[in-house]
Amino acid sequence: MRVLMIAPPGADKGTQGALIAAHFGIPHIATGELLRDHVARRTDLGLAVQEYLDRGELVPDQVVLDIAREALVAAKAAGGGYVLDGIPRNMQQARAAYLIARELGMTADVALHLDAGDAEVTRRLLARAALEHRTDDTEEVIAQRLALYHQVTSPIICWYRDRGILVSVDAMRPAQQVGREILTALKAMRPLLDHGPAQARQPVDLTTLGEAFGVTGPVRTSLSRVHAAVERDNLADEALLWADTPYGQLPGCAGWSSSLLRTGRPGL
Ligand code: ADP
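Residues numbered from 1 in each chain as written. Predicted model: local features only at pLDDT ≥ 70, side-chain atom pairs only at ≥ 80, totals over all residues. Heavy atoms only, no water.

## Re the site of the ligand
As a structural note, the neighbourhood of the ligand is formed by 18 residues, with K13, T31, E57, G86 and R145 the closest of them. Interatomic distance of 2.9 Å between a side-chain N/O atom of R36 and an oxygen atom of the ligand. Here the ligand loses 97% of its free accessible area of 540 Å² to cover by the protein chains. The cavity that encloses the ligand is the largest pocket. When residues of the shell around the ligand are traced back to their parent elements, those giving at least two are helix 2 (31-41) and helix 3 (44-55). For the shell around the ligand, the element with the highest residue contribution is helix 2, accounting for 4 residues. (Near = heavy atom within 4 Å. Polar contact = N/O pair within 3.5 Å; in protein donor to acceptor, adjacent residues only side chain to side chain. Areas by Shrake-Rupley, 256 points an atom, 1.4 Å probe, with all protein chains shown as cover. 1 Å grid on protein atoms, 1.4 Å probe; cavity = no way out; pocket = protein on both sides within 12 Å on 5 of 7 lines; lining within 4 Å. Sits in = over half its atoms within 2 Å of the grid points. Helix = DSSP H or I, 4+ residues; strand = E, 2+ residues; numbered from the N terminus.)

Here it is in structure tokens:
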């Protein structure tokens, strides 16, 4: 299982990334954690990036790409699965990370988007600040991180939707519930990731899961099918995940990503 995560700060990608990693027995590669570790150990790299982290700015692309490459090489030696948490964060990183993964023969199967609103993630981060004392969990820096997320990170989501590997989850609910839903979706997809043709993959949108049952429409139809399939453990039904729903019917992402980044290859 190869998963990359895209989420605003405070959406709990650390917790969910660790859960996925533990469940599938794969490495959890969290770029923020790796950078903070360098800062704590006062390595040359740590000293060079500390100010970026403190200000809530992105560290230079090449720094995180080097870190990601090293971690992906180790993940390959450990079996080839991974959860990438924190990268890519902008278009350049998306493109470069894809090329690195392709070179290693391990492009992502799933781009997992944790969807959460600004007010909720700000509330969570301020609550966390009292416990964890991260230098970037102040009101001002949180606002900066969120602004960057909307400006340069969230547009990548369209690319993954376009490529048919996007799974969106409503992350506004309690972590346990979100985690259950993520694992349910990933487990349902697994046999198809292992055996299905990559070009047959279609986006799955779980953000409205709570109201999905019995509701019609292109997105929600596929949602209830995911769940029906999981409940009946029926692989033939799971194949409906990959049914022929044009991504253009899904909300948002009006087609611009194709011209910028389409490489014609599945995955990361
Ligand atoms: P959050 O998502 O809550 O902001 P992270 O732990 O993912 O937390 O990232 C913390 C900080 O680490 C970011 O604000 C940024 O400075 C740096 N960082 C992490 N990943 C990247 C990346 N891919 N590109 C640039 N900077 C990054």
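## Considering the packing of aromatic side chains
Following the criterion strictly, the structure yields 2 aromatic pairs and no others. Summarising the aromatic geometry, the rings of Y98 and W159 are spaced 6.3 Å apart at their centres and angled 80° between planes, so their arrangement reads as edge-to-face. Of the two residues, Y98 sits in helix 5 (residues 91-104) while W159 sits in helix 8 (residues 156-163), which places them 61 residues apart along the sequence. Note on Y98: relative accessible area 1%, which makes it buried. Taking 5.2 Å as the distance between ring centres and 45° as the angle between the ring planes, the aromatic pair formed by W159 and Y160 counts as tilted. Comparing W159 with Y160 shows no difference in burial state: the two are buried. The ring of Y98 has R163 sitting right over it, with the charged end atom 5.1 Å from the ring centre. (Phe/Tyr/Trp six-rings, centres within 6.5 Å; stacked < 30°, edge-to-face > 60°. Buried < 20%, exposed > 50% of the residue type's maximum accessible area, 1.4 Å probe, protein only. Lys NZ or Arg CZ within 6 Å of the ring centre and 35° of its normal.)

## As for the side chain of T153
Examined against the element boundaries, T153 turns out to sit in helix 7 (residues 139-153). On the basis of relative accessibility, which here comes to 6%, the residue T153 falls in the buried class. Within polar-contact distance, the side chain of T153 engages the backbone oxygen of R89 at 2.7 Å.

## Some remarks on the nonpolar core
Formed by 33 residues in total, the largest nonpolar core has its most connected members in L4, I6, I29, L35, L72, Y82 and Y160. Looking at this core, the elements that each hand over two or more residues are strand 1 (2-6), helix 2, helix 3, helix 4 (61-77), strand 3 (82-85), helix 5 and helix 8. At 7 residues, the largest contribution of residues to this core is made by helix 4. Grouped together as the second largest cluster of nonpolar side chains are 28 residues, F24, L125, I182 and L193 included. (Core = buried A, V, L, I, M, F, W, Y, C linked by side-chain atoms within 4.5 Å.)

## Side note on helix 3
Among the residues of helix 3, those classed as buried are G46, V49 and L53. For helix 3, the arc enclosing every buried residue in end-on projection is 90°, short of the 170-degree limit, so these residues lie on one face. Facing away from the buried surface of helix 3 by more than 90 degrees, the exposed residues are D44, A48 and E51. Buried residues belonging to helix 3 abut helix 2 and helix 4. (Arc of directions from axis to C-beta. Contact = heavy atoms within 4.5 Å.)

## So, the pairing of strand 5 (residues 166-170)
For strand 5, the buried fraction is high: 5 of the 5 residues fall into the buried class. Relative to strand 5, strand 4 (residues 110-115) runs parallel, the two being bridged by 5 bridges. Looking across to strand 5, one finds that D115 is bridged to D170. (Pairing = 2+ DSSP bridges.)

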